[in-house]
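# Secondary and tertiary structure notes
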Amino acid sequence: MRIASFNINGIKARLPRLKEWLEETRPAVACLQEIKTMDEGFPASEFEEIGYKAIWHGQKSFNGVAILADGTAPVETQRGLGIDGPKEGEGEQARYLEADVNGIRICNLYLPNGNPQPGPKFDYKLAWMERLRARMAELSAREKPTVVLGDFNVIPRDSDVWSVKAMQDDALMQPESRDAFFRMLGDGWTDAIGSLNPRGGVWTYWDYQAGAWQRDHGFRIDHLLLSPEAADRMVAAGVDKEYRGREKASDHTPVWVELTD
């Protein structure tokens, strides 16, 4: 059972590339981030045509997450984490969606970027991570196979970035961001890609600017965290790097984990 995550960076702009990836790799579950559309604009029929059923949590122009499942409808269990945005009166952003698919709890997230830091956006990022950790603790107590995945906007280790110096002032790499990420792992969760690539050097994001893709100036911010019950079933995990090099690609590439049925 392949479970994948893909920050699509605008589902309408990338729809041909997204359907191409789905049909070529056929994950059982595909979690999308930054769909950047209102709920009524989500192209569900496009996915139904190729056998995928979907649930989604949209937002105009920004954010937005969706869960697609091959041949079965995801059963939604939670929408949002109850964390309002950094601006007063902004309300909750569309960043979290949770569902059951074939006996696995799937938690799809688009964690706040946090820049510029320091400031309210960085404070929001850290508060969001604490609330996520609390939700993960609730899920862990169920002792059921659970995968928490998506764009975490955290570079966990120096070996997860092409240049530490280039990113040293970014919110993605601050000690507070990293500490919050590793506290989650310390609660018993497994970083699927990180655990299989202890030396690092695996990227999931390349900026559109300054020839980052052509120069392989990337970093790893898309993660799959597995509960002990899911980690026991892991047989492989990887990155579909080639999709970053295709025409009109997202600046992220898909990441995935395979669990035994």
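This text goes with the structure placed above it.
So, here's what we can say about the structure. All figures in this text were calculated on a predicted structure; none of them were measured in a lab.

### Observations concerning the environment of His217
- For His217, the location among the structural elements is in the loop between β10 (205–206) and β11 (218–219).
- Considering only alpha carbons, one finds His217 and Met136, 81 residues apart in sequence, at a separation of 32 Å.

### Observations concerning helix α1 (residues 15–25)
- Along α1, the residues that are buried comprise Leu15, Leu18, Lys19, Trp21 and Leu22. Taken down its axis, α1 places every buried residue within 160 degrees of arc, on the same side.
- Those residues of α1 hidden inside the fold are in contact with β1 (2–7), β2 (29–33), α2 (44–48), β3 (52–57) and β4 (65–70).

### What about the packing of aromatic side chains?
- With the rule as written, the count across this model stands at seven aromatic pairs.
- On the numbers, 5.7 Å between centres and 40 degrees between planes, the contact of Phe42 with Phe47 is tilted.
- Plain terms: the ring middles of Trp206 and Trp213 are 4.9 Å apart, the flat faces sit at 90 degrees to each other, and that makes the pair edge-to-face.
- A relative accessible area of 1% means that Trp206 is categorised as buried.
- A relative accessible area of 23% means that Trp213 is categorised as partly exposed.
- One aromatic cluster is present, built from ring pairs that chain together Phe42, Phe47 and Trp56.
- Arg2 extends its terminal NZ or CZ atom over the ring of Trp256, reaching a point 3.6 Å from the ring centre.

### Digging into the sheet that holds strand β6 (residues 96–101)
- Within the open sheet, the six strands sit side by side as β5-β6-β7-β8-β12-β9. Their pairing is mixed. In this open sheet, the two strands that pair with only one neighbour each are β5 (75–79) and β9 (190–191).
- With five bridges connecting them, strand β8 (residues 146–151) and strand β12 (residues 222–226) associate as antiparallel partners. Paired with Gly150 across the strands is His223, a residue of β12.

### Concerning the sheet that holds β3
- Read across the sheet, six strands follow the order β3-β4-β2-β1-β14-β13 without closing on themselves; strand pairing throughout is mixed. In this open sheet, the two edge strands, each paired with only one partner strand, are β3 and β13 (234–239). Across the sheet, the axes of successive neighbouring strands diverge by a mean angle of 15 degrees, strand direction being ignored.

### Re the pairing of β12
- Taken across its five residues, β12 has five buried, putting it largely inside the fold.
- Burial along β12 is two-sided: Asp222, Leu224 and Leu226 and His223 and Leu225, pointing in opposite directions, are all buried.

### Thoughts on the side chain of Thr204
- Structurally, Thr204 is set in the loop between α6 (192–196) and β10.
- Those residues in contact with Thr204 that lie beyond four places of it in its chain are Phe219, Arg220, Ile221, Asp222, Val239, Asp251, His252, Thr253 and Val255.

### Observations concerning the side chain of Asp151
- Along the chain, Asp151 turns up in strand β8.
- Of the side chains with opposite charge, Lys125 comes closest to the buried, unpaired Asp151, at an N-O distance of 7.5 Å.
- At a separation of 3.0 Å, a polar atom in the side chain of Asp151 contacts the main-chain amide nitrogen of Asn153.
- The residues contacting Asp151, other than those within four sequence positions of it, are Asn7, Gln33, Leu109, Tyr110, Leu111, Ile221, Asp222 and His252.

### What about the nonpolar core?
- Core analysis: the biggest nonpolar cluster contains 27 residues, and Ile3, Val29, Ile67, Ile106, Val147, Val257 and Leu259 have the highest contact counts within it.
- Those elements that place two or more of their residues in this core are β2, β4, β6, β7 (104–110), β8, α6, β12 and β14 (255–259).
- Setting aside residues up to four positions removed in sequence, Ile3 forms contacts with Val29, Ile104, Ile106, Val147, Leu149, Leu224, Val255, Trp256, Val257 and Leu259.
- Counting 21 residues, the second largest nonpolar core, distinct from the first, contains Ile83, Leu109, Trp128 and Met129.

### With respect to helix α3 (residues 120–140)
- Here α3 is 21 residues long and its end C-alpha atoms lie 30 Å apart, about the 30 Å a rise of 1.5 Å per residue gives.
- Residues of α3 that are buried sit in contact with β5, β6, β7, β8, α5 (175–186) and β12.

Cut-offs applied
- Residues numbered from 1 in each chain as written.
- Predicted model: local features only at pLDDT ≥ 70, side-chain atom pairs only at ≥ 80, totals over all residues.
- Heavy atoms only, no water.
- Helix = DSSP H or I, 4+ residues; strand = E, 2+ residues; numbered from the N terminus.
- Buried < 20%, exposed > 50% of the residue type's maximum accessible area, 1.4 Å probe, protein only.
- Arc of directions from axis to C-beta.
- Contact = heavy atoms within 4.5 Å.
- Phe/Tyr/Trp six-rings, centres within 6.5 Å; stacked < 30°, edge-to-face > 60°.
- Lys NZ or Arg CZ within 6 Å of the ring centre and 35° of its normal.
- Pairing = 2+ DSSP bridges.
- Axes fitted to C-alpha atoms, helices over the stretch in contact; angles between N-to-C directions.
- Lys, Arg positive; Asp, Glu negative; His and termini not counted.
- Salt bridge = Lys/Arg side-chain N within 4 Å of Asp/Glu carboxyl O.
- Polar contact = N/O pair within 3.5 Å; in protein donor to acceptor, adjacent residues only side chain to side chain.
- Core = buried A, V, L, I, M, F, W, Y, C linked by side-chain atoms within 4.5 Å.
- Expected span 1.5 Å × (residues − 1).

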